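# A structural walkthrough
So the chains spell out like this:
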Amino acid sequence: MKTLPLFTALALAGAAGSALAAPPVEFSGYFRAGVGVNTAGGNQVCFGLANADTKFRLGNECDYVIEPTFDAKLAEYEGSAWHVRVMPSVYKAWDAGSAQNTSNGPDTLTTRFGQIYAYGQNISQLANGRVWAGRRFYNRLQTGINDQFLENNDGNGAGLEDMDLGIGKLSVAFMMDPNNDAFNNRMSLPIRMTGIKTVPNGELSIYVTPSKQLKTANQTTTPPAEPADQPNGLAVGVYQKLSGTILGGDSLIGVKSDKFGDLKNTRVVFQQGMSVGGTAVDFITEYRVRKNTGNTGNKWFMIGARTDTHLSGPFRFLAEVGHDQVKPDGGGAKQNLTKGTLAVAASAGKEAGSRPTVRLFVTHAIWNDAVRTAGAGGLSSTNARQVFGDKKSGTSVGVQAESWW
């Protein structure tokens, strides 16, 4: 018998056996990318206030991102299922002055593992909850229209999640950044209770996140150097969701306070989604007060809405308008910026959330003298200041693709 055919047959049999034994893998993810110009001449620029917490996002995202996610179910045990989830990601900001990007080079990409963790779910001994450890997106509560994360504890950690206690689902985690110094780090302990039934068609969620410094003297210096003290932190957020209250839509009412030393933020937010005929409407307003020593805080107010109307076939018409106002403590002038976007989109479906979608948009923003004269404390985008720095309005035109799956 010839050895080569034998080895070939054994290899093929092994490969077939491995393929048959491969775990089921779910593939999901998110991406957005596009291109645009500003009407003064040059690349698309985006508009927002430097001291506002967010900006309205339709036709106002100067970046691209892709987050493919792979989730493999590896085992089952006593009714529980055990998985590994991996999400590599690539991010590129067009704005050379942003914190994420310091070069306009086309190959200057920020790549990372946004998520890589293992988890077991439906564990009866954990009240049908899950146990997890690794790096992950965690405790995210997002508004969508302006891409704001009212709650966000992304990072490295471990925890118990969604344990059903009858009155709601309890989650507890320990989070820490292993990239910080070994002798000077910081931990947080996010705790949340979700799904608390309060009123018909309503659920209450409570998020509590204490944090503190963990430190020791650096033994590589002579004498050992003690890191500077950092204050403790505490964030508390309460959110009421209501379903079917206004024109059959969903409502979110939230109050949050977070404190880190002398810095304190207090915010109230209201968001309403609804459908009127063939038009989806998303409305949001928020008021945030920031207090700090030396009158260095400010007050931020925003209000805006987006409409999304099905036209025919894959085509849709979108309109968004948003207004931001920042009033500095200490008597500074109020900064005002209003941004509006009109867009025509082709999407894979009739619903507002149908994806993939490709949008052709025009975005126009106007701002007052207080923004124009504030330099880096006015418009948040370096590119916008470079192009429109001595003006009080600006326009961008572009095309953007977006999808999640």
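Residues numbered from 1 in each chain as written. Predicted model: local features only at pLDDT ≥ 70, side-chain atom pairs only at ≥ 80, totals over all residues. Heavy atoms only, no water.

We now examine the state of the cysteines. Should the sulfur atoms of two cysteines be covalently bonded, the bond is a disulfide. For the coordinates displayed, the defined rule picks out one disulfide. There is a disulfide in this structure between C46 and C62, and the S-S distance comes to 2.1 Å. Residues C46 and C62 are joined by a disulfide whose S-S torsion is about 100 degrees; by sign, that bridge is right-handed. With a gap of 16 residues between them, C46 in the loop between β1 (25-38) and β2 (63-77) and C62 in the loop between β1 and β2 connect regions that are remote in the sequence. Take C46 and C62: they sit in the same class, and that class is buried. (Disulfide = S-S within 2.5 Å. Helix = DSSP H or I, 4+ residues; strand = E, 2+ residues; numbered from the N terminus. Buried < 20%, exposed > 50% of the residue type's maximum accessible area, 1.4 Å probe, protein only.)

In this structure the tally under the stated criterion is eleven aromatic pairs. Here the aromatic rings of Y117 and Y119 are separated by 5.6 Å at their centres, their planes lie at 35 degrees, and the arrangement is tilted. For the pair Y117 and Y119, one class covers both residues: buried. The interplanar angle of 75 degrees and the centroid separation of 6.2 Å between the aromatic rings of Y117 and W132 together place this pair among those described as edge-to-face. (Phe/Tyr/Trp six-rings, centres within 6.5 Å; stacked < 30°, edge-to-face > 60°.)

Let us look at the side chain of N60. Following the sequence through the fold, N60 ends up in the loop between β1 and β2. We classify N60 as buried; its relative accessible area is 0%. Only 2.8 Å separates the side chain of N60 from the backbone nitrogen of F47, close enough to count as a polar contact. Look past the residues within four positions of N60 in its chain and what remains in contact with it is C46, F47, K55 and K339. (Polar contact = N/O pair within 3.5 Å; in protein donor to acceptor, adjacent residues only side chain to side chain. Contact = heavy atoms within 4.5 Å.)

This part is about a nonpolar patch on the surface. Taken together, V35, V37, L311, F315, F317, L342, V344, V358, L360, V362, V397 and V399 make up a surface patch of nonpolar side chains, about 980 Å² in accessible area. Only β1, β18 (315-328), β19 (335-347), β20 (357-367) and β21 (393-404) provide two or more residues apiece to the nonpolar patch. Residue contributions to the nonpolar patch peak at three residues, all from β20. Relative to the elements of secondary structure, V344 occurs in strand β19. Taking the relative accessible area as the measure of exposure, V344 reaches 41% and is therefore partly exposed. (Patch = residues over 30% accessible without salt bridge, like charges linked within 9 Å, V, L, I, M, F, W, Y side chains within 5 Å. Areas by Shrake-Rupley, 256 points an atom, 1.4 Å probe, with all protein chains shown as cover. Salt bridge = Lys/Arg side-chain N within 4 Å of Asp/Glu carboxyl O.)

A separate point is the pairing of strand β13 (residues 233-243). Direction of pairing for strand β12 (residues 202-215) relative to β13: antiparallel, over a ladder of ten bridges. Bridging across to β13, V208 finds its partner in V236. Summarising the sheet, β13 and strand β14 (residues 250-260) pair through eleven bridges and their orientation is antiparallel. Residue pairing for β14: S243 is matched across the bridge by D250. (Pairing = 2+ DSSP bridges.)

This part covers the pattern of salt bridges. Pairing of side chains with opposite charge becomes possible as their charged atoms draw close. Summed over the entire model, instances satisfying the criterion amount to 29 salt bridges. Across the pair R192 and E161 runs a salt bridge, and its minimum N-O distance is 2.9 Å. Of the two residues, R192 is situated in strand β11 (residues 191-197) and E161 in strand β8 (residues 155-164); the sequence distance between them amounts to 31 residues. In this structure, the salt-bridge partner of D329 is K299, at a minimum N-O distance of 3.6 Å. In this pair, D329 is assigned in the loop between β18 and β19 and K299 in strand β17 (residues 298-312), connecting sequence segments 30 residues apart. Note on D329: relative accessible area 15%, which makes it buried. Taking the relative accessible area as the measure of exposure, K299 reaches 26% and is therefore partly exposed. A single network of salt bridges, built from pairs that share partners, joins R32, R57, E61, D63, D147, R355, R359 and E402.

What follows deals with the environment of N43. Mapped onto the fold, N43 is located in the loop between β1 and β2. Since its relative accessible area comes to 39%, N43 is described here as partly exposed. Placed 353 residues apart in sequence, N43 and S396 show a C-alpha to C-alpha distance of 8.4 Å. If sequence neighbours within four positions are ignored, N43 has contacts with G36, V37, N38 and W94.

Take the pairing of strand β9 (residues 169-176) next. Note: β8 against β9, seven bridges, orientation antiparallel. Within β9, the residue paired with G157 across the bridge is M175. Here β9 pairs with β11 via four bridges, running antiparallel. From the neighbouring strand, L170 faces β11, where its bridge partner is M193. Pairing geometry for β9 and strand β10 (residues 184-188), over two bridges, is antiparallel. Bridge assignment links M175 to a residue of β10, and that residue is S188.

With that settled, consider unusual backbone geometry. Backbone torsion omega between T222 and P223 reads -5 degrees, so that peptide bond is classified as cis. If you trace the backbone, P223 turns up in the loop between β12 and β13. A cis amide bond, omega 5 degrees, links R355 with the succeeding residue P356. Along the chain, P356 falls in the loop between β19 and β20. In the Ramachandran plot, N128 falls in the positive-phi region, its phi being about 60 degrees despite a non-glycine side chain. Positive phi outside glycine occurs at L247, with the angle close to 50 degrees.

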